[in-house]
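Structural overview
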Amino acid sequence: MLSILNLIRWKNLVMIIIAQVLIKYALFEPYAPITVLDTTRFILLVLTTLCIAAAGNIINDIYDVDTDLVNKPDQVVIGKQISESFAYTLFFTLNVIGVLLGLYLSHSIGESSFFSIFVIISILLYVYASYLKGTILIGNLLISFLVAMSIIIVGVFDILPAAVPQIRDTQIIFLQIAGVYALFAFLINLVREIIKDIQDVDGDYKVGMNTLPIAIGRERANKIAFALSMLPIGALIYVIVTFLYTNLIVVGYFLCFVIAPLLYCTIKMFSAEHKSHYTHLSMMYKIILGLGLVSLVLLPLLLK
């Protein structure tokens, strides 16, 4: 059982659950004029997302066996703890369950066309794992977009169908707030993806991938990651100065728990050389993403 949990990367799935629960119950439910998803339908949305994300993690590990044997041999599951055939079976099963749940959910809210979102995401995760992961930046951009989609999709199902003309402007404001968090997740994950490529350059090179650090070298890739790491810092400072400056508690949270760790990572990245340095940075960016999402609990201080 533990090997299956490791295969589907349960910690990442927990992060998705936390993000979607916060968007639903800290943002939409208390403040949006109308929401579509009741508790049962919201649980279906979360389960659909988790199934498709877990399937994406499995197919990614299947295609990454050779690189992982070089980069992180102690963490390889497929071929050691679980057979490749069982991994494929689990991949297909989770995809089918996720897509069927998505079909039922879309039909239940009267937006059957939304079902196509889950099909497209499932296909993109397969294409990413089988081909795009080994390309320059395209795979990084795609997987970061899909991370952002795990946040936006709550608004698509909970707010968008209720955006009737009388309250459309208000509903759009809440979609925009969710969009800001999705953009933050996109930027943080993009930096983290490049860092992971630098971290895994030896194994990726061995199997013939052409990731950014392989194409232009570790030092140049590190400089690009360094430059990109400035974007979320600049964006947060802009949001604080423009919208949040009157609330000292909120400003203090972002300064201490989001901007300060981001500055720490940016400084550490400038001097990073060894694989252990990039492993540490990758973990730090995952923590920062979580801390950024947790700031949703402070919304009552802003929207009171």
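Here we summarise the structure given alongside this text. Computed from a predicted model, the values in this text were never measured in an experiment. (Residues numbered from 1 in each chain as written. Predicted model: local features only at pLDDT ≥ 70, side-chain atom pairs only at ≥ 80, totals over all residues. Heavy atoms only, no water.)

1. What to know about the nonpolar core
Note on soluble globular proteins: their nonpolar side chains tend to be buried together. Within the largest apolar cluster, 94 residues are counted, with the highest numbers of intra-cluster contacts made by Ile 58, Phe 157 and Tyr 285. Ranked by the residues each element gives to this core, the list is headed by helix α3 (residues 39-63), at 13 residues. If near-sequence neighbours (up to four positions away) are discounted, Tyr 285 is found in contact with Ile 188, Val 191, Arg 192, Ile 195, Ser 229, Leu 262, Cys 265, Thr 266 and Met 269. (Core = buried A, V, L, I, M, F, W, Y, C linked by side-chain atoms within 4.5 Å. Buried < 20%, exposed > 50% of the residue type's maximum accessible area, 1.4 Å probe, protein only. Helix = DSSP H or I, 4+ residues; strand = E, 2+ residues; numbered from the N terminus. Contact = heavy atoms within 4.5 Å.)

2. Digging into the packing of helix α8 (residues 168-199) against helix α11 (residues 218-244)
Packing of α8 against α11 leaves a shortest axis separation of 9 Å and a crossing angle of 165 degrees. By the angle class used here, α8 and α11 are roughly antiparallel. For the pair α8 and α11, the crossing hand works out as left-handed. Contact residues: α8 offers Phe 184, Leu 187, Ile 188, Leu 190, Val 191, Ile 194 and Ile 198, while α11 offers Arg 218, Ala 221, Asn 222, Ile 224, Ala 225, Leu 228, Ser 229, Leu 231, Pro 232 and Leu 236. (Axes fitted to C-alpha atoms, helices over the stretch in contact; angles between N-to-C directions. Parallel < 35°, antiparallel > 145°, perpendicular 65-115°, else oblique. Left-handed = near helix turned anticlockwise from the far one by under 90°.)

3. Overview of the packing of aromatic side chains
Evaluated as defined, the whole model comprises eleven aromatic pairs. Seen from their ring centres, Tyr 25 and Phe 42 are 5.4 Å apart, and the 90 degrees between their planes marks the pair as edge-to-face. Of this pair, Tyr 25 sits in helix α2 (residues 10-31) while Phe 42 is found in helix α3, placing the two residues 17 residues apart along the sequence. Taking the relative accessible area as the measure of exposure, Tyr 25 reaches 36% and is therefore partly exposed. Phe 42 sits in the buried class, given a relative accessible area of 4%. Three or more aromatic residues joined by ring pairs make a cluster, and in this case those are Tyr 63, Tyr 88, Phe 91, Phe 92 and Tyr 126. Just above the ring of Tyr 25 sits the side chain of Lys 24; from NZ or CZ to the centre is 5.9 Å. (Phe/Tyr/Trp six-rings, centres within 6.5 Å; stacked < 30°, edge-to-face > 60°. Lys NZ or Arg CZ within 6 Å of the ring centre and 35° of its normal.)

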